[in-house]
Structure formats: structure tokens, C-alpha cells
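# A closer look at the structure
Residues per chain, in single letters:
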Amino acid sequence: MLRVIWIGLIILLLLAGCSNKIDAPHFMWNDNLYIATNEPISEEEILEEIGEISVVVNRDVEKNGEAKEIAKNTKLYQIEGREVSDGEVGYIAYEMEGKYYVASKLNF
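Given the structure is predicted, the values throughout are model-derived calculations rather than measurements.

What counts and how
- Residues numbered from 1 in each chain as written.
- Predicted model: local features only at pLDDT ≥ 70, side-chain atom pairs only at ≥ 80, totals over all residues.
- Heavy atoms only, no water.
- Patch = residues over 30% accessible without salt bridge, like charges linked within 9 Å, V, L, I, M, F, W, Y side chains within 5 Å.
- Areas by Shrake-Rupley, 256 points an atom, 1.4 Å probe, with all protein chains shown as cover.
- Salt bridge = Lys/Arg side-chain N within 4 Å of Asp/Glu carboxyl O.
- Lys, Arg positive; Asp, Glu negative; His and termini not counted.
- Charge placed at Lys NZ, Arg CZ, Asp CG, Glu CD.
- Helix = DSSP H or I, 4+ residues; strand = E, 2+ residues; numbered from the N terminus.
- Pairing = 2+ DSSP bridges.
- Buried < 20%, exposed > 50% of the residue type's maximum accessible area, 1.4 Å probe, protein only.
- Contact = heavy atoms within 4.5 Å.
- Phe/Tyr/Trp six-rings, centres within 6.5 Å; stacked < 30°, edge-to-face > 60°.
- Lys NZ or Arg CZ within 6 Å of the ring centre and 35° of its normal.

## Structural notes on a negative patch on the surface
A surface patch of negative charge is lined by Glu 43, Glu 44, Glu 45 and Glu 80. One can find Glu 43 in the loop between strand E2 (32–41) and strand E3 (46–52).

## Considerations on the sheet that holds strand E5 (residues 66–68)
The eight strands lie next to each other as E3-E6-E7-E8-E2-E1-E5-E4, forming an open sheet whose pairing is mixed. Two strands close off the open sheet at either side, each with one partner strand: E3 and strand E4 (55–56). In terms of strand pairing, E3 meets strand E6 (residues 75–79) through five bridges, oriented antiparallel. What sits directly across from Glu 49, in E6, is Tyr 77.

## Concerning the environment of Ile 35
Position of Ile 35 relative to the elements: it lies in strand E2. With relative accessibility at 19%, the residue Ile 35 sits in the buried group. For Ile 35 and Tyr 91, which are 56 residues apart along the polypeptide, the C-alpha to C-alpha distance reads 9.4 Å. In this structure Ile 35 touches Ile 22, Ala 24, Pro 25, His 26, Val 102, Ala 103, Ser 104 and Leu 106, once residues within four positions along its chain are discounted.

## Comments concerning the packing of aromatic side chains
In total, this model carries three aromatic pairs according to the counting rule given. Relative to Tyr 100, the ring of Tyr 77 lies with its centre 5.4 Å away and its plane at 75°, an arrangement referred to as edge-to-face. With a gap of 23 residues between them, Tyr 77 in strand E6 and Tyr 100 in strand E8 (residues 99–106) connect regions that are remote in the sequence. Given a relative accessible area of 9%, Tyr 77 falls into the buried group. Note on Tyr 100: relative accessible area 12%, which makes it buried. Ring centres 5.7 Å apart and planes at 35° place the aromatic pair Tyr 94 and Tyr 101 in the tilted group. Given a relative accessible area of 19%, Tyr 101 falls into the buried group. We note Arg 82 situated over the ring of Tyr 91; from NZ or CZ to the ring centre the distance is 5.2 Å.

What follows is the structure, given as C-alpha cells:
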């Protein structure tokens, strides 16, 4: 009986640890989820503005233009030589406090 209780507790702990919640700042753009990184990028590598964050949420994002832990009106940019979304790879630059950083597409 004690063995069954221990196995049940282990299974319960494993299931509790399996979560799809994203802890990093992230946003949705063109139906793709991007994780904001701290990787800096120079202004010279920015091609053009492609959009901005329109809504900030306190949960994982679900719709285009939504972001978690990224300010509303944050500008998004295409990066020279990097695809915004090309299959499993994709990168977008975002601007925070006058500096540019890379956001990387998350694949499920």
C-alpha cells in the first residue's frame, strides 16, 4: 500500500512539473510566437519597421500584437539577412529604451 502511495505522489509531482507556461518575455506576430532575448543588435542591421505591440497581457499570449512583459507600443523590425518567419527559423528585432534586441521564433 505504501508503495502505491509513493508511486502516486511521484506521478502527481511529474504532472505538476509539465506546464506549457512561458516564463520569458514574449509576443505573437504573424501567428508566430517570439521569445524576447537580451541579444543586442545594431541599428545598421535594422531593415524596416514591421509593426508594434498593441496589447500587454498577464498570461501567455494568444493573438497577434499581444505581448507579455514587453511594453505596449514597442516597435518590431525586420532584421537584414534574417527571415522574420521561415519554417522553423525566424527572427524579429524589437526596440526597448532606444536599444535593439533580437526576438527568436519559438517552435512547438
